[in-house]
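Okay, here's what each chain looks like letter by letter:
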Amino acid sequence: MSTDSAPENNVVLETRNLDIFYGDFLAVTGVNIKIPRHKITAIIGPSGCGKTTLLRAFNRMNELVPGTYIRGEVVFDGQNLYEKTVDPVEVRFRIGMVFQKANPFPKSIYENVAWGARIHGYKGDMDELVESSLRQAALWDEVKDILKQSGLSLSGGQQQRLCIARAIAVQPEVILMDEPASALDPIATLRIEELMQELKKDYTIVIVTHNMQQAARVSDRTAMMMLVNGGVRSGTVIEYDDTNVIFTRPKDRRTEDYVTGRFG
Amino acid sequence: MKAQGKENKEKAIENNIEGKESKATSLYSPFSNLSTRKRSGRIWQLVFLSATSVGILALMALLFNILDSTFGYVAYEAKVAPTSLSVDGVVLEDQTKTQLVALLQNTLSRGAFNKLNNEKSFESRSRAEVSALVIERIVKYQVVDSWPLWESLTRSAEIKATVAAEYPLAELKFVSWLTAGTISHPQSSEVVTAGIRTAILGSLWTILITILFAFPLGVGAAIYLEEYAVGNWLSRLIQTNINNLAGVPSIIYGILGLAIFVRALEKLTSGAVFGLVDPTTANGRTVLSAGLTLGLLVLPIIIINAQEAIRAVPQSLRKAGYGLGATKWQVIWSHVLPNALPGILTGTILAVSRAIGETAPLVVIGASTAISFDPSSPFSKFTTLPIQIYQWTARPQDEWRHLAAAAIVVLLALLLSLNASAILLRNRFARKN
């Protein structure tokens, strides 16, 4: 169903026959994709098709909702994340997350960035880490004089970059972004997109987006999700390829309809 | 088929026209009933205003009633007229300490004098203290009659005439029943010297133990129920029970406290397990029992309020914490608790305010009504302000009711100051975030 041309040794995350259930409800079914290292992979598709659910399966955030479980495998660096011996806390430490709505802690800007590192027992120079994380998130110049102020005092776009800085500070390998720019204006969105291009040098990024142009602009690979008929309607990846293929000559008719706006 | 379609079309057009016509006459009569709607709104507004007014009036009546009893005229009669105690023409007020001590020695029985000397030697007592003793032991002012504030102000001439006619020896004074003496004196059988120090200290000790017991336990239970417990039938049963316990009459908690703390755990609450041997307190009716009983009483309230506060912490904060690879406890400790703390403190303030005013459970577990020594440890006998007030208002003489009114003023002040300090504390935590 999905095609993949990425070389094996460059795959960070891979799903194998992944089904995700909310209780009895099969939300996402039969997903087989490989996420390449140091690339941006976009997940697109209509509302309610399970994009966010799939994204959360990558760092086991779904488990915070009682009754959620999966069938199949999510393999990260050769290790099935859903093995009994794997601690979800460890998974989330190595695969960070940025949420749709910026959610800085109601603490100082400094503390927002430092907290994650501190709980993992970071031994290095905390000031340095905070500065480098904020620099990577392209926020340092704006906040270097107000590090003691509350993270909530920043604008929406700044808050989202603070959340990215916070995720970077624990030095994950993968950053999952769930529509990180959906609540931002075009200028703030542009800054986040530029930032993602910078970040992909060091991190692998998986982004869920509703914005077709955004997916086309920023991502290297795109997974198209859609609800498929079959008893209950469950979401699945109907096509997965390089972004320019998905947007210019998709193999699946439904993908073409969707990316050209003829969907529905 | 075709003809039918045409028919339908015509029908539809007809309907359309009809629709237009009915719209022109309109089933709504715009604005015609607006005044009626607004009038009913005004009527309800008046109802709500009067409800508020009744509340305010009741509060004012309460305050008036208390203050009315706290001040007013009092007619005193001395058992021994101070003028008869002059020595060589020197009036009582001007006599030296030595003269006053001599007076005590001559007037009191030897045993009584020695007892006073043993409590605190006369050498170490100041002149003012000795003078107070003379007033208390020899002059013995006694209240013969008393009037509330309103009467004292409006019928002052009448009162003066009455006193002059009925108690020719009495001295009429306008007094405040709430004085430094009322607060600092221990309980006594004479209304002139009786005070509420014992009761205030008893209340403070009890509340301290209540807070130490109920706050950590209540917050701990709330954290468990909100963050850890899985939502099965057992946790729902526990939740229902906690909600119901919050509404159980306080006297039932008194009976529970009597059975558990006073009787079953007597060795603990009397301090016997700590090697404390004191025949007056060894029966478990101690400050500790009272504090624990009130703690049980307010525990459900604290749990429910803390649960509400914890539930109000946005889920997005928890997710942010988990997303960074934090453990459950790290998320709770660093994010849930700091953000819930103002709410938890508010709930605790409400609960403690209730505990301060409780009387019935303490009566059941056996609070003393007349003790004159201060509680000094969790294993002391005790009385509390509400019990003292209850006991004084139950006496037939008016003057005790005046004293009770003064004690009520102190209780209200104590309550307000505890609340105010807790609110300040809460605001400090709220600002920090």
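Given the structure is predicted, the values throughout are model-derived calculations rather than measurements. (Residues numbered from 1 in each chain as written. Chains lettered and ligands numbered in written order. Predicted model: local features only at pLDDT ≥ 70, side-chain atom pairs only at ≥ 80, totals over all residues.)

1. Brief notes about the overall build of chain A
- When helices and strands are counted, chain A shows 10 helices and 11 strands.
- Computed over C-alpha atoms, the radius of gyration of chain A comes to 18 Å, within 12% of the 18 Å expected from 2.2 N^0.38 for 264 residues, which places it in the range of a compact globule.
- Taken along the three principal axes of its C-alpha coordinates, chain A extends 55 × 45 × 35 Å.
- Classification of the 264 residues of chain A by burial places 48% in the buried group.
- A sequence separation of at least 24 residues applies to 69% of the contacts in chain A between residues at least 6 apart. (Helix = DSSP H or I, 4+ residues; strand = E, 2+ residues; numbered from the N terminus. Rg over C-alpha atoms; globule rule 2.2 N^0.38 Å. Buried ≥ 20, exposed ≤ 12 C-beta atoms within 10 Å, placed from the backbone. Contact = placed C-beta atoms within 7 Å.)

2. Quick notes on the nonpolar core
All names here are of chain B.
- Counting 158 residues, the largest nonpolar core has Val-298 and Ala-407 as the members making the most contacts within it.
- Element by element, the count of residues in this core is highest for helix H13 (residues 287-311), at 16 residues.
- Per-domain counts for this core show at least three residues from each of domain 1 (70-176) and domain 2 (197-432).
- Apart from residues lying up to four places away in sequence, Val-298 is in contact with Thr-210, Ala-214, Ala-351, Val-352, Arg-354 and Ala-355. (Core = buried A, V, L, I, M, F, W, Y, C linked by C-beta atoms within 7 Å. Domains from an automatic or database assignment.)

3. Some words on the environment of Pro-82 of chain B
Residue and element names in this part refer to chain B.
- Relative to the assigned elements, Pro-82 resides in the loop between strand E1 (71-78) and helix H3 (97-107).
- Since 16 C-beta atoms lie within 10 Å of it, Pro-82 is described here as partly exposed.
- Spatially, the C-alpha atom of Pro-82 lies 9.7 Å from that of Lys-140, the residues being 58 residues apart in sequence.
- In contact with Pro-82, not counting residues within four places along its chain, are Leu-92 and Val-139.

4. A short note on the domain arrangement of chain B
- Under the domain assignment, chain B is made up of domain 1 (70-176) and domain 2 (197-432).
- Relative placement of domain 1 of chain B and domain 2 of chain B: their C-alpha centres are 42 Å apart.

5. Description of the interface of chain B and chain A
- Each side of the interface is counted separately: chain B has 15 residues, and chain A has 18 residues.
- For the side of chain B that touches chain A, the element with the most residues is helix H14 (residues 315-323) of chain B, which contributes six residues.
- Here the residues of the side of chain B that touches chain A are counted per class, giving five nonpolar, nine polar and one charged. (Nonpolar A, V, L, I, M, F, W, Y, C, P; charged D, E, K, R; others polar.)

6. A closer look at unusual backbone geometry
Residue and element names in this part refer to chain A.
- In this structure, His-38 is a non-glycine residue whose phi angle is positive, near 55°.
- One non-glycine residue, Asp-77, lies in positive phi territory at about 50°.
- The residue Asp-77 is located in the loop between strand E5 (68-76) and strand E6 (79-80) in this model.
- C-beta crowding within 10 Å serves as the criterion here: with 13 such atoms nearby, Asp-77 is assigned to the partly exposed category.

7. Overview of the environment of Ala-309 of chain B
Residue and element names in this part refer to chain B.
- Inspection of the secondary structure puts Ala-309 in helix H13.
- Residues Ala-309 and Arg-263 lie 46 residues apart in sequence; the distance between their C-alpha atoms is 36 Å.
- Every residue in contact with Ala-309, bar those within four places of it in the chain, is listed here: Ala-340, Gly-343, Ile-344 and Gly-347.

8. Focus: the confidence of the model for chain B
Residue and element names in this part refer to chain B.
- With 91% of its residues at a pLDDT of 70 or more, chain B shows a mean pLDDT of 84.
- The spread of mean pLDDT over the elements of chain B runs between helix H1 (residues 2-25), the lowest at 53, and H13, the highest at 94.
- Prediction confidence for the complex, expressed as pTM and ipTM, is 0.80 and 0.89 respectively. (pLDDT = per-residue confidence, 0-100.)

9. Observations concerning the sheet that holds strand E2 (residues 141-146) of chain B
Residues and elements named next belong to chain B.
- The sheet built from three strands is open, its strands ordered E2-E1-E3 with antiparallel pairing. For this open sheet the edge positions go to E2 and strand E3 (171-176), each flanked by a neighbour on one side alone. Across the sheet, the mean angle separating the axes of adjacent strands is 45° when strand polarity is ignored.
- The sheet contact formed by E1 and E3 spans six bridges and is antiparallel. Looking across to E3, one finds that Tyr-73 is bridged to Phe-174. (Pairing = 2+ DSSP bridges. Axes fitted to C-alpha atoms, helices over the stretch in contact; angles between N-to-C directions.)

10. Comments concerning helix H17 (residues 385-393) of chain B
- Burial analysis of H17 of chain B places seven of its nine residues in the buried class, which makes it a mostly covered element.
- Along H17 of chain B, the residues that are buried comprise Leu-385, Pro-386, Ile-387, Gln-388, Ile-389, Gln-391 and Trp-392 of chain B.

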